[in-house]
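Chain by chain, the residues:
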Amino acid sequence: MVDEHRMLDPCDAAAMSSHPAPPLYLGFDLSTQQLKVIVVGPDLKVVAQAKVDFDADFGVKYGIRKGVHVQPSSGEVYAPVAMWMESIDLVLARLAEAMPVPMHRIAAVSGSGQQHGSVYWNADAAALLKGLDPARSIVDQLGAALAQPSSPNWQDQSTQSECDAFDAALGGRDKLAEATGSGAHHRFTGEQIMRLKRIRPDVYDATERISLISSWLASVLLGSVAPLDVADVCGMNLWDMAHQRYGEELLRLAGGGTRQDADDLRRKLGEPVLDGGACLGNVSPYFVAKYGFGAGCKVLPFTGDNPATMLALPLRPLDAIVSLGTSTTFLMNTPVYRPDGAYHFFNHPTTRGHYMFMLCYKNGGLAREKVRDELAGPDGEVEAGAAGWQSFNDAVLDTPPLGMADAGDEAKLGLYFHLRETVPNIRPGTWRFRCHADGTGLEEARGWDKAMDARAIVESQVLSMRLRSQNLVRPPRHGLPAQPRRIYLVGGGSVNPAIARVIGDVLGGADGVYKLDVGESACALGGAYKALWALERKDGESFDELMAARWQEEGSIEKVGEGFLEGTYQKYGNVLPAFEEMEKRLLAEEKQG
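Residues numbered from 1 in each chain as written. Predicted model: local features only at pLDDT ≥ 70, side-chain atom pairs only at ≥ 80, totals over all residues. Heavy atoms only, no water.

If you look the protein chain up in an unreviewed UniProt entry, it shows as Xylulose kinase from Drechmeria coniospora. Its UniProt record gives the protein chain the following Function (unreviewed entry) comment, quoted word for word: "Highly specific D-xylulose kinase which participates in the catabolism of xylose. Xylose is a major component of hemicelluloses such as xylan. Most fungi utilize D-xylose via three enzymatic reactions, xylose reductase (XR), xylitol dehydrogenase (XDH), and xylulokinase, to form xylulose 5-phosphate, which enters pentose phosphate pathway." (UniProt positions renumbered as here; feature names shortened; annotations may be inferred.)

Dropping the structure here:
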């Protein structure tokens with residue numbers, strides 16, 4: 001276990017003073033399909049980066065597709081932890097080759113992991129972590145430290161009965177959201193733990209400690225089991241937001257029903273670290289000997305990928321981030337806690353008293369790819385890859401908003417769920433509706449041209465964001481309707497001009513739509529910035545203050561859309577009630593069925 005005195009000591013500049021050259025900071029991101037690392041200097045500029053692609057590098061060996069295994073019969077989606085172990089060695093070897101300066105210049109390490117996944121350590125883990133031999137690989141040594149070889153993925157859908165129990169535990173879904181920041185979701189760790197204890201009690205009993213993916217990665221680098229992070233712990237339905245501690249009743253529910261069960265689960269989880277900039281200790285000697293890290297390199301708490309995304313740039317009030325990866329997420333930094341069962345509030349990863357508002361959709365990039373692949377190219381054949389995206393983008397940009405080419409045309413609305421969605425909790429399928437321009441007269445449509453599907457899937461994803469965030473935004477300046485000030489795009493889809501255009505059309509963005517130049521590595525970048533802040537912050541200096549003082553927009557972001565368009569923005573606002581009604585009808589049909 002991490003020594004509590006060391007864990008809570010603030011970071012100091014000791015690691016920097018031993019280097020005559022400016023220190024560097026390393027950020028990790030263990031996502032669904034890749035492990036990425038990025039190195040930055042004190043000026044926030046990127047020095048080097050490297051990545052491992054799980055399918056390309058390990059797909060054959062581990063039999064995964066898009067980073068995971070899927071069991072349709074049970075709804076389980078999971079990843080082999082051994083693959084991540086191999087990836088750590090591989091990505092650091094690639095980084096060492098890419099670094100223009102020695103690795104010992106890295107003064108501190110932080111990062112992120114895909115949220116809600118969990119790793120189950122056995123009783124041998126502490127000794128194995130501490131005694132890693134640099135002459136051997138990580139996977140050859142830590143494979144024996146696991147009570148279970150796999151980690152549930154955020155796409156997992158196997159915990160419906162557990163979700164029902166969590167939603168009922170405190171008197172309803174909204175009560176659970178009020179207490180923990182979220183209603184129950186299949187992927188949340190509390191529900192996953194409850195199911196594991198039910199179906200695999202032997203594995204649960206053999207589990208000495210439970211890590212989230214973020215703290216698992218930190219543990220490997222630290223050489224001991226790292227504590228959970230103040231923001232990532234909120235993705236469990238176990239954290240009492242009002243009192244900033246585990247909820248006793250929820251621990252009891254997940255752990256087996258008794259007070260002793262709750263105490264046992266609390267011990268397995270360990271107490272989170274509440275300072276996002278706390279030093280956990282020095283990097284494991286394994287990485288010093290094998291990759292040239294300095295012995296004084298500090299390990300900071302690792303957070304979830306969504307909180308880390310918020311740290312990739314200095315967000316001002318009313319700024320929003322849209323992450324366009326395998327899943328799609330909408331993020332805002334807010335001091336206001338207004339929970340609802342339809343979305344999430346997490347602790348901010350660095351700023352006490354602030355929260356991260358998040359919408360998370362399973363049907364992000366994979367659903368868009370499915371519609372892309374159903375489009376025919378000029379020769380009538382299905383196109384994939386770059387050619388397929390060009391056809392998709394042409395279809396989006398050639399189709400008017402909501403498919404309304406002329407006055408009097410009906411608006412076209414759709415839902416495209418490749419997977420069971422969480423917001424709202426609707427089964428897989430495709431649904432198409434029509435309504436009048438004012439949002440009245442909603443009825444199911446028989447179908448339309450495939451080109452309309454390309455526009456409609458992007459519109460549907462962004463309309464859901466607008467519907468659920470409308471109570472958190474306000475007019476950015478006099479004379480404008482309520483909307484975000486700026487919208488920043490990150491993730492693989494951030495490079496797509498058609499998607500950027502629709503996001504601006506629907507969400508607005510009075511000062512435009514922008515993408516980060518390292519938009520596909522935003523989570524790793526956020527981790528590197530978090531490490532920098534931890535070591536270089538002055539007394540009382542917040543993360544946002546430090547970032548604002550050093551951030552230079554030129555060369556860091558690129559404007560990719562105008563954002564708010566008078567008239568177009570109002571058209572989408574007029575059909576929001578119809579969009580909400582469409583979701584309610586489908587939910588009602590599913591309950592009746």
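Here the narrative resumes, following the displayed structure.
Looking at the overall build of the protein chain
Scanning the protein chain from N- to C-terminus turns up 22 helices and 24 strands. For 593 residues, the compact-globule estimate of 2.2 N^0.38 gives 25 Å, and the C-alpha radius of gyration of the protein chain, at 23 Å, lies within 12% of that figure. With the C-alpha coordinates aligned to their principal axes, the bounding extent of the protein chain is approximately 70 × 55 × 50 Å. Every one of the 593 residues in the protein chain was classed for burial, and the buried ones make up 61%. A fraction of 72% describes how many contacts in the protein chain between residues 6 or more apart in sequence connect residues 24 or more apart. In the form shown here, the protein chain has an accessible surface area of approximately 22000 Å², with 50% of it arising from carbon and sulfur atoms. (Helix = DSSP H or I, 4+ residues; strand = E, 2+ residues; numbered from the N terminus. Rg over C-alpha atoms; globule rule 2.2 N^0.38 Å. Buried < 20%, exposed > 50% of the residue type's maximum accessible area, 1.4 Å probe, protein only. Contact = heavy atoms within 4.5 Å. Areas by Shrake-Rupley, 256 points an atom, 1.4 Å probe, with all protein chains shown as cover.)

Some remarks on the sheet that holds strand β19 (residues 411-417)
Strand order in the open sheet formed by 3 strands is β19-β20-β21, with antiparallel pairing between adjacent strands. Whereas interior strands pair on both sides, the edge strands pair on one side only; in this sheet they are β19 and β21 (443-444). Across 7 bridges, β19 lies against strand β20 (residues 429-435) in antiparallel orientation. Its bridge partner lying in β20, G414 is registered against R432. Those strands touched by helix α22 (residues 568-592) are β19, β20 and β21, and its axis lies near 40 degrees from that of β19. (Pairing = 2+ DSSP bridges. Axes fitted to C-alpha atoms, helices over the stretch in contact; angles between N-to-C directions.)

Thoughts on the packing of aromatic side chains
Counted according to the given criterion, the structure contains 19 aromatic pairs. Ring plane angle 70 degrees and centroid distance 6.1 Å describe the contact between F58 and Y62, whose orientation is recorded as edge-to-face. Placement of the pair is F58 and Y62 together in helix α3 (residues 54-62), with a separation of 4 residues, close to one helical turn. The exposure classification of F58 matches that of Y62, with both residues buried. Counting every residue linked through ring pairs, the aromatic cluster contains F330, Y337, Y343, F345, Y355 and F357. Taking NZ or CZ as reference, K268 lies 4.7 Å from the ring centre of Y204, over its face. The aromatic ring of Y514 is capped on one face by R486, whose charged end is 4.4 Å from the ring centroid. (Phe/Tyr/Trp six-rings, centres within 6.5 Å; stacked < 30°, edge-to-face > 60°. Lys NZ or Arg CZ within 6 Å of the ring centre and 35° of its normal.)

Description of the sheet that holds strand β4 (residues 69-71)
Overall, antiparallel pairing links the 3 strands, which are arranged β4-β5-β8 in an open sheet. Two strands bound the open sheet, and with one partner strand each, they are β4 and β8 (150-152). Along the sheet, successive strands turn relative to each other by an average axial angle of 35 degrees, direction set aside. Bridge count for strand β5 (residues 76-80) against β8 is 3 bridges, and the pairing is antiparallel.

Things to note about the nonpolar core
Across soluble globular proteins, nonpolar side chains show a tendency to be buried alongside one another. Counting residues in hydrophobic clusters, the biggest one holds 127 residues, and the most contacted among them are L238, L269, V322, F330, L413 and I503. Counting residues per element, this core draws most heavily on helix α20 (residues 522-536), at 10 residues. Among residues more than four places away in sequence, those in contact with I503 are V322, L324, V462, I487, L489 and G508. Grouped together as the second largest cluster of nonpolar side chains are 55 residues, M103, L217, V225 and L280 included. (Core = buried A, V, L, I, M, F, W, Y, C linked by side-chain atoms within 4.5 Å.)

A closer look at the packing of helix α16 (residues 365-374) against helix α18 (residues 450-469)
In contact at an axis separation of 9 Å, α16 and α18 are set at 170 degrees when each is read in the N-to-C sense. With respect to α18, the axis of α16 lies roughly antiparallel. Along the contact surface, α16 presents A367, R368, V371 and E374, while α18 presents K450, D453, A454, I457, V458 and Q461. Taken together, the residues of the contact of α16 with α18 break down into 5 nonpolar, 1 polar and 4 charged. (Parallel < 35°, antiparallel > 145°, perpendicular 65-115°, else oblique. Nonpolar A, V, L, I, M, F, W, Y, C, P; charged D, E, K, R; others polar.)

Considering the UniProt feature "domain: Carbohydrate kinase FGGY N-terminal" (unreviewed entry) in the protein chain
Under the local residue numbering, the UniProt record ascribes the feature "domain: Carbohydrate kinase FGGY N-terminal" (unreviewed entry) to residues 154-311. Helix makes up 49% of residues 154-311 and strand 9%, and the two end C-alpha atoms of the span are 21 Å apart.

Regarding the pattern of salt bridges
Within this structure, the stated rule accounts for 36 salt bridges. The shortest N-O distance in the salt bridge between K370 and E374 comes to 3.1 Å. Of the two residues, K370 and E374 both sit in helix α16, 4 residues apart, roughly one turn of that helix. When salt bridges that share partners are traced, they join E248, R252, R259, D263 and R266 into one network. (Salt bridge = Lys/Arg side-chain N within 4 Å of Asp/Glu carboxyl O.)

Concerning the environment of Q390
Within the secondary structure, Q390 is located in helix α17 (residues 385-398). Judged by relative accessible area, which is 45%, Q390 ranks as partly exposed. In the structure, Q390 is positioned 168 residues away from L222 in sequence and 45 Å away in space, judged by C-alpha atoms. Of the polar contacts made by the side chain of Q390, one reaches the side chain of D394; its length is 2.8 Å. (Polar contact = N/O pair within 3.5 Å; in protein donor to acceptor, adjacent residues only side chain to side chain.)

As for helix α21 (residues 543-550)
Every buried residue of α21 is accounted for by F543, L546 and M547. Projected onto a plane normal to the axis of α21, the buried residues spread over an arc of 95 degrees and lie on a single side. Seen from the buried face of α21, the exposed residues on the opposite side, beyond 90 degrees, are A548 and A549. Buried-residue contacts for α21 involve α20. (Arc of directions from axis to C-beta.)

Notes on the packing of helix α7 (residues 160-169) against helix α12 (residues 248-255)
α12 packs onto α7 with a crossing angle of 155 degrees between their chain directions and a minimal axis gap of 11 Å. Considering the angle they form, α7 stands roughly antiparallel to α12. Remark: the crossing between α7 and α12 carries right-handed chirality. Here A165, F166 and A169 of α7 lie close against α12, whose contacting residues are E249, L250, L253 and A254. For the contact of α7 with α12, the class distribution of residues is 6 nonpolar, no polar and 1 charged. (Left-handed = near helix turned anticlockwise from the far one by under 90°.)

What to know about α17
Because each turn of an α-helix spans 3.6 residues, side chains separated by three or four positions in sequence point in the same direction. Taking 1.5 Å per residue as the helical rise, α17 with its 14 residues ought to reach 20 Å, and the 20 Å between its terminal C-alpha atoms agrees with that figure. The set of residues buried in α17 consists of G388, S391, F392, N393, A395 and V396. On its buried face, α17 sits against α16, α18 and α19 (497-507). (Expected span 1.5 Å × (residues − 1).)

Description of the environment of F58
For F58, a relative accessible area of 8% translates into the label buried. Linking F58 and R352, residues 294 residues apart in sequence, is a C-alpha distance of 40 Å. The residues contacting F58, other than those within four sequence positions of it, are V52, D53, G63, I64, M83, E86, S87 and L90.

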